[in-house]
Amino acid sequence: MRLIILKDYNSVSTRSAAYVASQIRKANPSSENPFILGLPTGSTPLGMYRELIRFHREGIVSFKNVITFNMDEYVGIPENHPQRYHNYMSKNFFEHIDIPTENVNILDGNAQDIELECAAYERKIMQYGGVNLFVGGIGANGHIAFNEPGSSPESRTRVVTLSENTRAANSRFFVNDITKVPETALTVGIGTILDSGSVMLIVTGNNKAHALRMGVENGVNDIWPISHLKLHPNGLIVCSEETTGELKSETVSYYKEIEKSNTAPDNLYKD
């Protein structure tokens, strides 16, 4: 597992966007052989989306032959609600790039049969041969997408009950009222994510420090979904300095030393 420690949120946003852009460029996708990209929502990836929009406008990367699958969606949220992830993605990313509408895939939390919706979503991902790159964030409890603590590494796209911890954290998007946060959601599974060609997790905020320690310095544990990234041969965490407060100084020094000599393609756009 690769850990990149950067100064602050802006540096993390630029570097994570650079990694996404470099992977798309490296694949040189076409309409017959598109690049399959898994995407997150929430506050953490907003900076990455702004940078990807900038890269697109500067001609660095095109999304014309990219097919996206979002990680999750709330169940039963009104279609016009700003926190419905369809609306979030459109406003913060898709409206500003050249991705064809038909290439965008987001779970429908208002589907008549949500179990069937989940099965069809998982099947569609598999029909494309899986995801090339899955990008995600984590929660303070270490969840990935909406895979809460206790989720199996073999889990697939499904309906989940959100923990009180997650709903409390997300209440900031619902006028700080936890009762307005949906109790259930649809999410891709940890198994779905681990089947991807590569996985990048973006971690910012000192409230994520404990989860980062559990994911980096401890063994694989279902109670800390972030730790399952260790099972992936191409796992990457891009984090800000503030999130490393609970890591051992030796751990931080080790990963920083490794990155000094790293010449991976994403360094092409390193700020």
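This text goes with the structure placed above it.
In this text the structure is predicted, and so the values were computed from the model without any measurement. (Residues numbered from 1 in each chain as written. Predicted model: local features only at pLDDT ≥ 70, side-chain atom pairs only at ≥ 80, totals over all residues. Heavy atoms only, no water.)

A short note on the overall build of the protein
Just so we agree on the cut-off: Here a strand is any run of E in DSSP of at least two residues, a helix any run of H or I of at least four, and the numbering for each starts at the N terminus. All radius of gyration figures rest on C-alpha atoms, and the globule criterion is 2.2 Å times the number of residues raised to 0.38. In this scheme, a residue with accessible area under 20% of its type's maximum is buried, one over 50% is exposed, and one in between is partly exposed, where area comes from a 1.4 Å probe on protein chains only. By definition in these notes, contact holds between two residues if any of their heavy atoms fall within 4.5 Å. Per-residue accessibility takes into account occlusion by the displayed protein chains alone, with areas from the Shrake-Rupley method and a 1.4 Å probe. Note that His is not counted, nor are the chain ends; the positive residues are Lys and Arg, and the negative ones are Asp and Glu. We put the charge of a Lys on NZ, of an Arg on CZ, of an Asp on CG and of a Glu on CD.
For the protein, the helix and strand inventory stands at eight helices and ten strands. Scaling as 2.2 N^0.38, a compact globule of 271 residues should have a C-alpha radius of gyration of about 18 Å, and the protein matches this with 17 Å. Taking the principal axes of the C-alpha coordinates as reference, the protein spans close to 50 × 40 × 35 Å. Looking at the 271 residues of the protein, the share that counts as buried comes to 55%. Long-range contacts, defined as pairs at least 24 residues apart, comprise 79% of the intrachain contacts of the protein with a sequence gap of at least 6. Here the protein displays about 11900 Å² of accessible surface, and carbon together with sulfur accounts for 47% of that area. Put simply, the protein has 25 plus and 31 minus side-chain charges, and the middle of one group is 5 Å from the middle of the other.

Considerations on the pattern of salt bridges
Filter applied, for reference: Think of a salt bridge as a Lys or Arg side-chain nitrogen and an Asp or Glu carboxyl oxygen that are within 4 Å of each other.
Applying the stated criterion to the full structure yields nine salt bridges. The shortest N-O distance in the salt bridge between E241 and K256 comes to 3.1 Å. Placement of E241 in the loop between β10 (235–240) and α8 (249–260) and of K256 in helix α8 is noted, with a sequence separation of 15 residues between them. A relative accessible area of 33% places E241 in the partly exposed class. Where salt bridges share partners, they join E51, R54 and E58 into one cluster.

Looking at the sheet that holds strand β3 (residues 66–70)
Stated precisely, the cut-off is as follows: Two strands qualify as a pair provided DSSP detects at least 2 bridges between them.
With parallel pairing, the seven strands of this open sheet are ordered in space as β1-β10-β9-β6-β2-β3-β5. Two strands close off the open sheet at either side, each with one partner strand: β1 (2–6) and β5 (104–105). Here β3 runs beside β5; their pairing, made up of two bridges, is parallel. Residue F69 lies in a different strand from β5, and its bridge partner there is N105.

Considering helix α2 (residues 46–57)
The line we're drawing: Expected helix span is computed as 1.5 Å times (number of residues minus one).
The end-to-end C-alpha distance of α2, which contains twelve residues, comes to 17 Å, matching closely the 16 Å that a straight helix rising 1.5 Å per residue would cover. Every buried residue of α2 is accounted for by G47, M48, Y49, E51, L52, I53, F55 and H56. Looking one or two places after α2, you find G59, whose phi comes out positive at around 80°.

What about the sheet that holds strand β7 (residues 158–161)?
Put simply, the test is: Each axis is a line fitted through C-alpha atoms, and for a helix only the stretch in contact is used; angles between axes span 0 to 180 degrees, taken between their N-to-C directions.
If you trace the three strands from one edge of the open sheet to the other, you get β4-β8-β7, paired in antiparallel fashion. Looking along the sheet, the strands with just one partner apiece sit at the ends: β4 (72–74) and β7. For this sheet, the mean inter-axis angle between neighbouring strands, taken without regard to orientation, is 30°. Note: β4 against strand β8 (residues 184–187), three bridges, orientation antiparallel.

Comments concerning the pairing of strand β6 (residues 133–137)
Buried residues dominate β6, accounting for four of its five residues. Of the strand pairs in this sheet, strand β2 (residues 35–39) and β6 are connected by two bridges, and their pairing is parallel. Residue L37 lies in a different strand from β6, and its bridge partner there is L133. Of the strand pairs in this sheet, β6 and strand β9 (residues 198–203) are connected by five bridges, and their pairing is parallel. Note on β9: the bridge partner recorded for F134 is V199.

Details of the side chain of S196
Rules: Definition of a polar contact: a pair of N or O atoms within 3.5 Å, with one able to donate and the other able to accept a hydrogen when the atoms are protein atoms, and with sequence-neighbouring residues admitted only if both atoms are side-chain atoms.
Along the chain, the position of S196 falls in the loop between α6 (190–194) and β9. Taking the relative accessible area as the measure of exposure, S196 reaches 4% and is therefore buried. A polar contact is formed between the side chain of S196 and the backbone oxygen of I193, at a distance of 2.9 Å. Setting aside chain neighbours within four positions, we find S196 in contact with V131, N132, F134 and H232.

Some thoughts on the environment of A111
Mapped onto the elements, A111 comes out in the loop between β5 and α4 (114–127). Relative accessible area serves as the criterion here: at 19%, A111 is assigned to the buried category. For the pair A111 and M48, spaced 63 residues apart in the sequence, the C-alpha separation amounts to 30 Å.

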